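Residue-level structural notes
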Amino acid sequence: MAQRVAVNEGSKRTSRVRVAVRLRPYMDKQDDKGEGPCVRGLGPQKLEIINWRNATETLQYQFDVFHGEETTQQEVFLTSVKPTLPHILNGQNASVFAYGPTGAGKTHTMLGSQEQPGVIPRAVREVFNLVGAQEKGQDGWEYSVGMSYLEIYNEKVLDLLSPGSQDLPIREDKDRNILIPGLTHTSLSSFADFDTHFIPASLNRTTASTKLNQRSSRSHAILLIKVVKSQRGPPHRQQTGKLYLVDLAGSEDNRRTENRGIRLKESGAINLSLFTLSKVVDALNAGAGGRVPYRDSKLTRLLQDSLGGSAHSVMITNIAPEYRYYFDTFTALNFAAKSKQIVNRPFVRETLLAPTIAPGKRAREEQEAGGSSEPQTKKSKEVKKAEQSPSQSIHPHGSPDSSVLERLLALEKMMMGSAERERLSLLQTVAQSRKEIQMLKEKQKELEDKAKMFNKQSEATESESKDALLFKTDLPPLHRKQSTAAKPRKQQAVVTPLQVSQVQPLQQCALVCKPSQLLDKKKKRVQTEVGEGKENGGVDPGVINWESHLDSALLEQSRKKILQTLNSGSLKELKSLQLIGDKKAKLIMGWREFNGHFTQLEDLRKIEGITAKRFSSFIKANILSSMGK
């Protein structure tokens, strides 16, 4: 079992991200205007680029190292990469990644060619040289080297050593180390062994041809070299160092690359991940403990140690001198200038391995321990007595020491008591706040119940007022119904004692009343027939009968209010009108969009399905409801 070991404070130090800029040679012929390159070096650390706002001015940048057009692969490796490699053998992490626009030479810097190998083969060879030198020194440590190789293609993590694998997840262990479960880890014994695995895996990386680059990388490639250093003897310490070698895909302007289809989707994923990388750099430079969006992209998730983490990081920014790459070069230089301000905090990853005991030896030790159990218990009791006797003899004889101890104990009790009092007061305040919250909830519930009761009472009073208003408006018919229904005993009094004398008056009344009732029914039928036959003209006489009982000012105000709702009301407000449902409200809004506002209420008859009778009922119900409110 491995245990985490604390690192000495002396080894905890900060390390700033080292930024090197490499300018590739001028690839194209001179422009017709003879403008030449847009950027040039001013020394081993300085360069300048033309200011796009004013062509007569230049902008100067200063970095850790500037590699000009004639710099060789060997010089790039020796000045920028090699100084960080010894940290891996001491249990620390290191990271080297190439950044820049498409066609600027990132893959050439990292991989190179057979004649001019790049950073990756030279760094791996140097790691094996360092391991070999340590093993020859016989310092009591054993070394093991392994590799993993992956690419991030369209935000999918793919294993290049196992081409048939699917998208791999990214996890984080309890010590906040980034892990990829299922990623192939291959043990290496020499650089030749590395070549046999790395070259076929590099061919599995996704590349394609674009207008700006014949062999453009369509994914971010990350090579992980892991060095485990184990101590042969006790206390069996183990240190683990990792080297990340990252070849980033270049940012692309699709207007110039003319990407279509799959290429366009690939460039979108590349640009999005690089944009997230720039947000991470901005957040790290802002400081103030803000959120750093490592999880917004899988690239930044894997580079979490390299940027603001626990690795010694080197960024090689590749730029192009041609004017058609001007804005890409300008953006890359600004990103590099921001990146060199990032500070990492490397530390040693060291664990202790528990020594393993053979089963036969463990059984013998247990038997020996069991056979001498009684003497051991006697010895332990004697040791306890011996420990207790000095402590008992110190207090009576050593008065100065005892007074000092008493003062220390009193001080400790006082400090513990203050902490305990603070804890109790905190608990009391929490309990009191909970009680207050509960009381507020109860008061809120009471107020809600009162509001519900008030709403019910207001609804009841409104219904009563509506009934009373209807009673006043329909006074004649309701008066007749009430008189006939309220005096049933008069018929019994008339029929029972005076059967002979009152038959004729009743018959005459019936003869007089029947023709009037027939006339009223005929009038009503004629009125309904005339109202239904009219399409858009005339006023229903039934409306005049009940309108005559109302105040003209209130009536006019109610009609204007209804007209305003019809002209400017929303769907919900239209549905709040009496006798207007969802369908009619939508028809009104559609008619209003095509024909404009209603000039008068009678225009409502132009809506499909609203007859004269329905219109009169609508006017009556809405005016009475508005007056009831």
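Nothing here was measured: the structure is a model prediction, and the numbers come from that model.

1. Brief notes about the overall build of the chain
- Scanning the chain from N- to C-terminus turns up 19 helices and 20 strands.
- Counting only residues that meet the buried cut, the chain has 35% of its 629 residues in that class.
- Within the chain, counting contacts between residues at least 6 apart in sequence, those at least 24 apart form 69% of the total.
- Carbon and sulfur atoms form 54% of the exposed surface of the chain, whose accessible area is close to 39000 Å².

2. Focus on the side chain of S230
- On the secondary structure map, S230 appears in strand β16 (residues 220–231).
- Separated by 3.2 Å, the side chains of S230 and Q238 make a polar contact.
- With residues near it in sequence (within four places) discarded, S230 still touches G140, W141, E142, R237 and Q238.

3. Considering a negative patch on the surface
- A surface patch of negative charge is lined by E442, E446, E448 and D449.
- Mapped onto the fold, D449 is located in helix α11 (residues 399–473).
- Classification of D449 by relative accessible area gives partly exposed; the value is 39%.

4. Description of the sheet that holds strand β4 (residues 39–41)
- Sheet architecture is open: three strands sit in the order β4-β5-β6, paired in antiparallel fashion. Pairing within the sheet leaves two strands with one partner each, and these edge strands are β4 and β6 (58–62). Taking each pair of neighbouring strands and ignoring which way they run, the sheet shows an average axis angle of 20°.
- Of the pairings in the sheet, the one linking β4 to strand β5 (residues 46–50) comprises three bridges and is antiparallel in character. Counted as the bridge partner of V39 is I49 from β5.
- Contacting β5 and β6, helix α8 (residues 326–339) runs over the sheet at an angle of about 140° to β5.

Parameters at a glance
- Residues numbered from 1 in each chain as written.
- Predicted model: local features only at pLDDT ≥ 70, side-chain atom pairs only at ≥ 80, totals over all residues.
- Heavy atoms only, no water.
- Helix = DSSP H or I, 4+ residues; strand = E, 2+ residues; numbered from the N terminus.
- Buried < 20%, exposed > 50% of the residue type's maximum accessible area, 1.4 Å probe, protein only.
- Contact = heavy atoms within 4.5 Å.
- Areas by Shrake-Rupley, 256 points an atom, 1.4 Å probe, with all protein chains shown as cover.
- Polar contact = N/O pair within 3.5 Å; in protein donor to acceptor, adjacent residues only side chain to side chain.
- Patch = residues over 30% accessible without salt bridge, like charges linked within 9 Å, V, L, I, M, F, W, Y side chains within 5 Å.
- Salt bridge = Lys/Arg side-chain N within 4 Å of Asp/Glu carboxyl O.
- Lys, Arg positive; Asp, Glu negative; His and termini not counted.
- Charge placed at Lys NZ, Arg CZ, Asp CG, Glu CD.
- Pairing = 2+ DSSP bridges.
- Axes fitted to C-alpha atoms, helices over the stretch in contact; angles between N-to-C directions.

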